[in-house]
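Architecture at a glance
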2 protein chains.
Amino acid sequence: MSSGKILVAQGGGPTAVINQSLVGVVLEARRHPAVRRVYGARHGVRGIVDEDFVDLTQETSHNLELVAGTPASALGSTRDKPDLKYCQAIFEVLRAHEIEHFFYIGGNDSADTVRIVADEAAAAGYPLRAIHIPKTIDNDLVGNDHTPGFPSAARFVAQAFAGANLDNAALPGVYLGVVMGRHAGFLTAASALGKKFADDGPHLIYLPERTFELPRFLADVKATYERLGRCVIAVSEGIHDGGGAPIAAQLAKDLERDAHGNVQLSGSGALADLLCEEIKRNLKIKRVRGDTFGYLQRSFVGCVSDVDAREAREVGEKAVQYAMWGSRNGSVAIRRSGFYSVDYELQPLEAVAAKTRVMDDAFIAPSGTDVTDAFRLYLRPLLGSGMPDAFRLRPNPVPRVLRP
Amino acid sequence: MSSGKILVAQGGGPTAVINQSLVGVVLEARRHPAVRRVYGARHGVRGIVDEDFVDLTQETSHNLELVAGTPASALGSTRDKPDLKYCQAIFEVLRAHEIEHFFYIGGNDSADTVRIVADEAAAAGYPLRAIHIPKTIDNDLVGNDHTPGFPSAARFVAQAFAGANLDNAALPGVYLGVVMGRHAGFLTAASALGKKFADDGPHLIYLPERTFELPRFLADVKATYERLGRCVIAVSEGIHDGGGAPIAAQLAKDLERDAHGNVQLSGSGALADLLCEEIKRNLKIKRVRGDTFGYLQRSFVGCVSDVDAREAREVGEKAVQYAMWGSRNGSVAIRRSGFYSVDYELQPLEAVAAKTRVMDDAFIAPSGTDVTDAFRLYLRPLLGSGMPDAFRLRPNPVPRVLRP
């Protein structure tokens, strides 16, 4: 006899829409007469091994809808990366609570956890249906057109650079913004969607998909500054040299030789500060400003793509439908089916677990410091409706009188 | 005979709504039959001495409305702080172009420039009407209930901390956000408006109105972390020790100074990184994250208070009305006349020029690390309509099975 119990949890970094997926699971599961209880684990897999569950069957649908519209993991999250032993502990708790369906919302590490737990259940002959629900602002899950959470973060980055460009045009100089993304440059590349006019920034975009060379970088900045009198730059936190070593580490060594004292790289503002310092010292440009977008880009409330919110809800709903009416475990994937529409598929857990997707070459301009129209076409519909737009005064110069 | 020429310019740091004031001036001036030309100076006072003017009479009202809704100074801005000689050069250009009305949108330094230029005109017996239009995200102009630009920046800060709090609750640790504000803590204090539930962050707020002591700071963080298992902190970039020395200055010796002699505090992540390092080292807390909000807080597109936008437009309109129908120079000031409504007055330029307002003691809690309800009542209506709200799952714990 079926227990009618399902469990849902959230892992990894929060996003603006991860609660849409949670609520998609809960509300869809509550539609099924066979489901008696929907449990949520507090703080991801950590809450499972600690048996720290909340009963989401006793939550009102009204409050669930409000939570769906609130950013950041409502159940709490964790950075724990379970090994085999940890996954065995997870499985023991699932079995003790007679959980029959397990849904884990997270990135490629979370998918790997789901895979191992599912293997443990299979080995024990326990009838567990395990589904991974995609989430990550990095957009680095393979087999997906894009990943829920990324579009809203991309929207934040695009709006931030649209504003930084206007600010930089008003008070010219060099502006550099460091964006999240250790291996995949999608989020940094989203800065290009803040451009409207031909001379708008970001004028230079540095992605982890391309090798970063400081002399080339300085030459790029110099050329742009000489051409426009200003320069707006988007830099991925994951930029590295030809050997794969992070740029931040190298620059810190240079600064130590300059007797600036010990530079700690653990602080999140370090890369922006170090690159700004290089520009000031080598190019003799006075007004150089660096921002590190940090946690704002994934947690800011009030910057959500409606397309992202809808799709995040749907992957949660689809996960339950695949679990209830399907016959296998897997990871829900988003496929693009039109300009713009999507469909969903259940791909094998092995296809996505612990793998990392990076930007296609077709999305990166030959210069290596810009995106292509293919990328703009790819990203624009994901940003959703109501994107702010920027307007300029048109030139109507007045003749000089004193010095004509 | 009257030339019918007026000039408008924008100075200092851009804001989300400074173009509302510009367009308020232009559209209201164009209503007056006596006005033949409305000139705009490119990049503030720099554009005046360079005679770099655009004719705003030849701009469409439709495009002006779109520019009004675009953040950052559409005419361009400057950090130049004119001395007497500079102001004399400004006056010479105004006279050469037969400018009869001069409007300068900016902070207390801009008000001082308007004052000196007006004095020069008076000494020369030249009939110039000079009006200062208030603008600053710091909210530090005396004689004003608040200053256009501040409410939208405050909204950004409140939304940012609302999100940072949710993120920190999902993945507990210490989060520290550094907010702009050299002498006045209004913008940092706005972080408190992101709080909803009793245990929400920011749990600690450090303002330049109070002396910053590192041991006390570490004790505050420790106590909060022990009580809640997490801690969200808002820090003003302008925090200083008992001797008035900026805490940021204790980190870096080669600090950049601007033309006003001010140390450059923004555009660097140094303060956040330094404080995070102190927390890690002294309190042995593992997960400590610091963000510097930097230029995002004043330039992000898509985070505007509708109240701020309306008032910024009105101060521009009122400036023209005072100039055309009034009999004296001055600075437009916002007075609060209800909960919530405002009225406008023209105060003497000397009353606001080169003076700095800081937070009333009544706005700061006795602890020195929180705001009062008086501040919440003061700020809330300024943030405008449609503020995002955060919701939580209610606790419905499930009994443990394995370890009851």
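Residues numbered from 1 in each chain as written. Chains lettered and ligands numbered in written order. Predicted model: local features only at pLDDT ≥ 70, side-chain atom pairs only at ≥ 80, totals over all residues.

Considering the overall build of chain A
Where we set the bar: Secondary structure follows DSSP: runs of H or I at least 4 residues long count as helices, runs of E at least 2 residues long count as strands, and numbering of each begins at the N terminus. Counting other C-beta atoms within 10 Å of its own, a residue is labelled buried from 20 upward, exposed at 12 or fewer, and partly exposed in the gap between, with every C-beta atom placed from the backbone. Contact between two residues is assigned when their C-beta atoms, built from the backbone, lie within 7 Å.
Counting secondary structure elements, chain A contains 14 helices and eleven strands. Along the first, second and third principal axes, the C-alpha atoms of chain A reach 90 × 50 × 35 Å. Residues counted as buried form 58% of the 404 residues belonging to chain A. By sequence separation, contacts in chain A at least 24 residues apart represent 75% of the contacts at least 6 residues apart.

Some details on the packing of helix α8 (residues 214-228) of chain B against helix α9 (residues 270-283) of chain B
Residues and elements named next belong to chain B. Quick note on the threshold: Axis lines are fitted through C-alpha atoms, for helices just across the contact stretch, and the angle between N-to-C directions can take any value from 0 to 180 degrees. An angle below 35 degrees is read as roughly parallel, one above 145 as roughly antiparallel, one from 65 to 115 as roughly perpendicular, and any other as oblique. A clockwise turn of the near helix away from the far one marks a right-handed crossing, whereas an anticlockwise turn of less than a right angle marks a left-handed crossing. Any residue that is not Ala, Val, Leu, Ile, Met, Phe, Trp, Tyr, Cys, Pro, Asp, Glu, Lys or Arg is counted as polar, Gly included; the first ten are nonpolar and the last four charged.
Viewed as axis vectors pointing N to C, α8 and α9 meet at an angle of 70°, and their least axial separation amounts to 11 Å. Considered as vectors, α8 and α9 are oriented roughly perpendicular to each other. Both α8 and α9 take part in a crossing whose hand is right-handed. For the pair α8 and α9, the contacting residues are L214, L218, V221 and K222 in the first and E278, I279, N282 and L283 in the second. Its residues assigned to classes, the contact of α8 with α9 comprises five nonpolar, one polar and two charged.

As for the interface of chain B and chain A
On the chain A side, the residues contacting the 68 residues of chain B number 66 residues. When residues of the side of chain B that touches chain A are traced back to their parent elements, those giving at least two are β3 (53-55), α3 (61-68), α4 (84-96), α6 (150-170), α9, β9 (288-292) and α10 (296-299) of chain B. Here the side of chain B that touches chain A gets eight residues from one element, more than from any other, and that element is α6(B).

Quick word on the relation of the copies chain B and chain A
Selection rule: Copies are brought into register by a least-squares superposition over C-alpha atoms of residues with pLDDT of at least 70 in both.
With an RMSD of 0.2 Å, the operation that places chain B on chain A is a rotation of 180° combined with a shift of 0.0 Å along the axis. A rotation of that kind, with that shift, is consistent with a two-fold axis. Residue G269(B) of chain B places its C-alpha closer to the rotation axis than any other residue of that unit, at 2.2 Å. When the interface residues of chain B are mapped onto chain A, 96% of them again fall at the interface, so both copies present the same face.

As for the environment of I6(B)
Residues and elements named next belong to chain B. Within the fold, I6 resides in strand β1 (residues 5-10). Sequence separation of I6 and G40 is 34 residues, and the distance between their C-alpha atoms is 8.5 Å. Discounting chain neighbours no more than four positions away, the residues touching I6 are A29, V35, V38, I99, E100, H101 and F103.

Here's the deal with the environment of R336(B)
Residue and element names in this part refer to chain B. You can see R336 is positioned in strand β10 (residues 330-338). A count of 15 C-beta atoms within 10 Å places R336 in the partly exposed class. Expressed as a C-alpha distance, the spacing of R336 and H146, which sit 190 residues apart in the sequence, is 8.7 Å. When neighbours within four sequence positions are excluded, R336 is seen to be in contact with D145 and V342.

Overview of the sheet that holds strand β5 (residues 129-134) of chain B
All names here are of chain B. Here is the rule we go by: DSSP-based pairing: two strands are paired if at least 2 bridges between them are found.
Spatially, β3-β2-β1-β4-β5-β10-β11 is the arrangement adopted by the seven strands of the open sheet, whose pairing is mixed. The open sheet terminates on both sides in strands that have one partner only, identified here as β3 and β11 (341-347). Each strand axis lies, on average, 25° off the axis of its neighbour in the sheet, ignoring direction. Pairing between β5 and β10: two bridges, direction parallel. Following the sheet pairing, I131 is matched in β10 by G330. Running over the sheet, helix α1 (residues 18-31) touches β1, β2 (37-41), β4 (99-106) and β5 and is turned about 175° from β1.

Here we look at the domain arrangement of chain A
Residue and element names in this part refer to chain A. Put simply, the rule is: An automatic or database domain assignment supplies the start and end points of every domain.
When the domains of chain A are assigned, the result is domain 1 (5-148 + 303-352) and domain 2 (152-301 + 361-383). The centre of domain 1, based on its C-alpha atoms, is set 33 Å off from the matching centre of domain 2. Between domain 1 and domain 2, the contact holds 19 residues from the first and 18 residues from the second. Classifying every residue of the side of domain 1 that touches domain 2 by side-chain character gives eleven nonpolar, five polar and three charged.

Quick notes on the confidence of the model for chain A
All names here are of chain A. Convention followed: pLDDT: the predictor's confidence for each residue, scored from 0 to 100.
Of all residues in chain A, 96% attain a pLDDT of 70 or more, and the chain-wide mean is 94. Below pLDDT 50 for its whole length, residues 255-267 participates in 21 contacts with residues either more than four positions away or in separate chains. Taken over the whole predicted complex, pTM reads 0.96, whereas the ipTM for its chain interfaces reads 0.95.

Observations concerning the sheet that holds strand β9 (residues 288-292) of chain A
Residue and element names in this part refer to chain A. Spatially, β7-β8-β6-β9 is the arrangement adopted by the four strands of the open sheet, whose pairing is parallel. Looking along the sheet, the strands with just one partner apiece sit at the ends: β7 (204-206) and β9. With strand direction ignored, the average angle separating the axes of adjacent strands in the sheet is 15°. In this structure, β7 lies alongside strand β8 (residues 231-236), joined through three bridges in parallel fashion. Directly across from L204, in β8, lies its bridge partner I233. Most of the contacts of helix α6 (residues 150-170) go to strand β6 (residues 174-179), to which it runs at about 170°, and overall it touches β6 and β8. Here helix α10 (residues 270-283) sits on the sheet in contact with β6, β8 and β9, set at roughly 165° to β9.

Quick notes on unusual backbone geometry
It is generally the case that most residues other than glycine have a negative phi and that most peptide bonds are trans. A cis amide bond, omega 15°, links F339(A) with the succeeding residue Y340(A). Within the secondary structure, Y340(A) is located in the loop between β10 (330-338) and β11 (341-347). For the bond running from G201(B) to P202(B), omega is 5°, close enough to zero to count as cis. Although it is not a glycine, E51(B) adopts a positive phi angle of roughly 55°. Here E51(B) is to be found in the loop between α2 (44-49) and β3. For E51(B), a count of 18 C-beta atoms within 10 Å puts it in the partly exposed group. Despite not being glycine, A354(B) shows a phi value in the positive range, around 55°. Here A354(B) shows up in the loop between α12 (349-352) and α13 (373-379).

Notes on the pairing of β11(A)
All names here are of chain A. As paired strands, β10 and β11 are joined by seven bridges and run antiparallel to one another. When the sheet's bridge partners are listed, G338 is paired in β11 with S341. Hairpin connection of β10 to β11: two residues between the antiparallel strands.

Details of the pairing of strand β5 (residues 129-134) of chain A
Residues and elements named next belong to chain A. Counting buried residues along β5, six of its six residues qualify, which places the element largely inside the surrounding structure. Side chains R129, I131 and I133 of β5 all project onto a buried face; the interleaved residues A130, H132 and P134 project onto the opposite face, where all are buried too. Sheet analysis places strand β4 (residues 99-106) next to β5, joined by six bridges and oriented parallel. In the sheet register, H101 faces β5, and the bridge partner there is R129.

A closer look at α4(B)
Residues and elements named next belong to chain B. The line we're drawing: A helix's residues, less one, multiplied by 1.5 Å, set its expected span. As used here, the arc is the angular range of directions from the helix axis to the C-beta atoms.
If you check α4, its first and last C-alpha atoms are 18 Å apart, about what 13 residues at 1.5 Å a residue would give, namely 18 Å. Restricting attention to buried positions, one finds in α4 the residues C87, I90, F91, V93 and L94. An end-on view of α4 places all buried positions within 160° of arc, on one side of the element. Those residues of α4 hidden inside the fold are in contact with β1, α2, β4 and α5 (108-123).

Quick word on the packing of α4(B) against α5(B)
When two helices pack together, their arrangement is given by the angle between their axes and by how far apart the axes lie. Residues and elements named next belong to chain B. At their nearest, the axes of α4 and α5 sit 9 Å apart, and the two run at 60° to each other. Considering the relative orientation of α4 and α5, their crossing is right-handed. Contact residues: L84, C87, Q88, I90 and F91 in α4; T113, I116, V117, E120 and A121 in α5. Of the residues assigned to the contact of α4 with α5, the class counts are seven nonpolar, two polar and one charged.

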